[in-house]
Every structure is written in structure tokens, then in C-alpha cells.
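As a plain string of letters, each chain reads:
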Amino acid sequence: MATLVYVEEPGDLTQQTLALARSLGGPLYAFTAGDTVAVSGVEMVHHADADAFRSYAPAALARALVELVEAHKPAAVVAAGTPRGNEVLARVAAIKDLPFAANCTAFESGRPGSVTRTRWGGSLLEEARVHAETLLLTVQPHSVQGEPASGEPAPVEHFSPSLRDEDLVVTVRERVGSSAGGVTLADAKVVVSCGRGAGSPEGFGIIEELAGLLGGAVGCSRAVTMAGWRPHTDQVGQTGTKIAPDVYIACGISGATQHMAGCKGAKTILAINTDPEAPILASADYAVIGDLHEVVPAISAELRKERTG
Ligand code: FAD
């Protein structure tokens, strides 16, 4: 039985999603909309054409997916476990009255299907059976190795889904640039993050400086976004961005499970904290016990010295 994969955009997460979708067996088909058209490693791409898809319109995407599900009756629909992938599939589940398993790290087809999925911000893995005619699944980002994008892009079949007025109520009208400058938080190889320990919005000056020197992006904890010190786009965690940089420098962050859910894919974690008992130290590869307002400028000064000397 075929699997339909919703491809938001080309990239690592798509390769990871295709790799896990392949474990279901059977041929893979892709659903795309808007600017994303070319996908390799699948039999065919179903591309939805409509003005609505120039911008992100989750209900319209769900409606188009439902149309494909009803026409082609795939055994499963799979998407990346991004905020958008999860939102669109949740809407498909609501329209079709089907169960939806989000953020899976493994799954098997069958009646019932079986899934392993992350729960409680990634602090436990749950094995579950899913009784459904069509499995609706998203793939936990960075939980599997992506398959390399190779071969010619698959042939594309265009279709125009029948959209209703209510499908266009929620849509992105405007975009504001992220404070990460040229490097996005999700893609940065180095992320310098700060929590309540920053003390104020101005406390992020030294964090931005270090991130700039390392060619990285700035992140933060939810305590910071809740205080209004940084925009939500900078938040790392269960309800923020999930990242997997080479290096994660966590300054003045206690390491709550909801925060760690967003950064546990980091290859190396350096924690800077005044508290030698802070929970983040259990996950950190390296730690500096000290005041971030002293330690961070000292690291930046060393980097500058290294580069000029
Ligand atoms: P705190 O827990 O207050 O820790 C501050 C740390 O800074 C402490 O360890 C302290 O020792 C240290 N410190 C203080 N001053 C200094 C200094 N001068 N130098 C060095 N260290 C210093 N949180 C997230 O981050 N991301 C999420 O996505 C997220 N989602 C959530 C979802 C739900 C449903 C819930 C309930 C919570 C969520 N949270 C999330 C909140 C989370 O539980 C924590 O409250 C939050 O992560 C704490 O932020 P913090 O570490 O900055 O602050």
C-alpha cells in the first residue's frame, strides 16, 4: 500500500521524513504546494495549484491532502514533525475523524499500525497501536538519519483542490525577519542561547556578540520569551524550535525538560551556569560554573584575540 508524504520544503527534515516513511514499505508519493515542487526518491509528486498556497494556509493544505487521500486511499500520510507538519496533519485528522500520532521515531504498517512516539517533551518514548484506515503520522525531527537526496526529481502531477472559504481564514499575511540575522535558529551549526540568567533584554548583547563571532544564531528559553525579552522565534524547546546544532552554548538556562526537548539533538552542549546543581549539567558535555556576564565576554575576548593575533 502506498504512503503519501507531505513535503513542506526540500532539506534535512524532508530527507528524514522520507527515510522513515520508507520503513512502512510500499511506494512513496509526495504532496507539495506553493514553491516546493521538485522531490526525488518518490514515484510521483502531487502538486496543489492555487493562489492560497503562495502563503502558508494550513486548512487549505489539509483540504488538498484530504482530497488526495480520498482519491488515492494511501495506507499512511506522513509529514515532518515541524509545527506546520503537525498542524496540517492535525487538521486532516479532524476533517477525516482519524487518530493522529505526532512526533514518531519509528512506525510499522499493519492493522493496527504500531508507532513509537515521543511524549512529554521528549522525556519518554511511548509505543502505541493505531487503529485507522489511514495512518496519520509525523516524524520527530532529528530522530532518524535522512536518506540522501539523489536521482532525478519525480514526475509532477498538478491538481487544483476544491477549497472552501473557511479554508482560507488562517493564512500568513506578513513575515518579519528573525533576530538571528542571516543564520536561522533551526539550521545554525552553533547556537548561543540564554535564559532567565540574562537578567534583562540588554543582557542579550553579550550573547549576540558571541553568536556573531561564532557565525551562529541566538536562542533563548521560554522564561525569556514569556518576559518579552526576545521574540518567540528565538525560543528553543518543546513549544519553540527543535534544533540539532554541532554546538549548543546554554547560558543561564536551568535545563527544564521542556527546554531540553528542543536541544537534545545538539552534538555538544556547553552550559554556563552559576548553579553547580542546575539540571542542565546532567546533559552538558562541558560546563563552566560561573556568572555568564563574566564568562561570555571572556570567551568573546579570547576569540577576538585568537583571530587578531
Ligand atoms: P530558570 O529555570 O529560572 O533558570 C535560570 C538559570 O539561570 C538557573 O539555572 C540559574 O542558576 C541560572 N543563572 C541565573 N543567573 C545566572 C548568571 N548570572 N550566570 C549564569 N547562570 C545564571 N521552556 C523552554 O525553554 N522552552 C520551551 O519550549 C518550553 N515549553 C514549555 C511548555 C510547557 C507546557 C511548560 C509547562 C513549560 C515550558 N517551558 C519551556 C518552561 C520550562 O519549564 C522552564 O520554566 C524554562 O525553560 C525555564 O527557563 P530558564 O532556564 O531560562 O529559567
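Above: the structure in question.
Fair warning: this is a prediction, and the values are worked out from it, not measured in the lab. (Residues numbered from 1 in each chain as written. Predicted model: local features only at pLDDT ≥ 70, side-chain atom pairs only at ≥ 80, totals over all residues. Heavy atoms only, no water.)

A. Looking closely at the site of the ligand. As a structural note, the neighbourhood of the ligand is formed by 26 residues, with R196, S221, T239, S254 and N273 the closest of them. Within the side chain of S221, an N or O atom sits 2.5 Å from an oxygen atom of the ligand. Between the ligand and the protein, one listed contact pairs an oxygen atom with a side-chain N or O atom of S254 at 2.7 Å. Across the complex, the protein chains shield 74% of the 990 Å² of accessible surface that the ligand would expose by itself. Elements represented by at least two residues in the shell around the ligand include exactly α5 (222-226), α6 (257-263), β13 (268-273) and α7 (292-308). (Near = heavy atom within 4 Å. Polar contact = N/O pair within 3.5 Å; in protein donor to acceptor, adjacent residues only side chain to side chain. Areas by Shrake-Rupley, 256 points an atom, 1.4 Å probe, with all protein chains shown as cover. Helix = DSSP H or I, 4+ residues; strand = E, 2+ residues; numbered from the N terminus.)

B. View of the sheet that holds strand β9 (residues 156-159). Spatially, β7-β6-β5-β8-β4-β1-β2-β3-β9 is the arrangement adopted by the nine strands of the open sheet, whose pairing is mixed. Single-partner strands in this sheet number two, and they are β7 (124-130) and β9. Shown here is a sheet whose adjacent strand axes are inclined to one another by a mean of 35°, direction ignored. Pairing between strand β5 (residues 101-108) and strand β6 (residues 113-119): four bridges, direction antiparallel. (Pairing = 2+ DSSP bridges. Axes fitted to C-alpha atoms, helices over the stretch in contact; angles between N-to-C directions.)

C. Region of interest: the environment of T3. With respect to the element layout, T3 can be found in strand β1 (residues 3-6). Accessibility expressed as a relative area gives 1% for T3, which makes it buried. Sequence-wise, T3 and A30 are 27 residues apart; in three dimensions their C-alpha atoms are separated by 8.4 Å. Excluding anything up to four places from it in sequence, T3 contacts A21, L24, G25, P27, L28, Y29, A76 and V78. (Buried < 20%, exposed > 50% of the residue type's maximum accessible area, 1.4 Å probe, protein only. Contact = heavy atoms within 4.5 Å.)

D. View of unusual backbone geometry. Of the consecutive residues R111 and P112, the connecting peptide bond is found in the cis state with omega at 5°. A positive phi angle, near 65°, is found at H142, a position not held by glycine. Structurally, H142 can be placed in the loop between β8 (135-139) and β9.

E. Region of the structure containing the pattern of salt bridges. Within the structure shown, the criterion is met by 13 salt bridges. In this structure, K96 and E70 form a salt bridge, with 2.9 Å as the shortest nitrogen-oxygen distance. Taken as a pair, K96 in helix α3 (residues 83-96) and E70 in helix α2 (residues 58-72) lie far apart in primary sequence, 26 residues in all. Accessibility expressed as a relative area gives 30% for K96, which makes it partly exposed. A salt bridge links R117 to E126; its shortest N-O distance comes to 2.6 Å. Put simply, R63, E166 and D167 are held in one network by salt bridges that share partners. (Salt bridge = Lys/Arg side-chain N within 4 Å of Asp/Glu carboxyl O.)

F. Main features of the sheet that holds β13. Ordered by their spatial adjacency, five strands build an open sheet running β11-β10-β12-β13-β14, and the pairing between neighbours is parallel. This sheet does not close on itself; its edge strands, each paired only once, are β11 (217-220) and β14 (286-289). Across the sheet, the mean angle separating the axes of adjacent strands is 20° when strand polarity is ignored. Examined bridge by bridge, strand β10 (residues 190-194) and strand β12 (residues 247-251) share five bridges and lie parallel to one another. The residue bridging C194 from the neighbouring strand is C251, located in β12. Lying on the sheet, α7 is in contact with β10, β12, β13 and β14; it crosses β13 at an angle near 130°.

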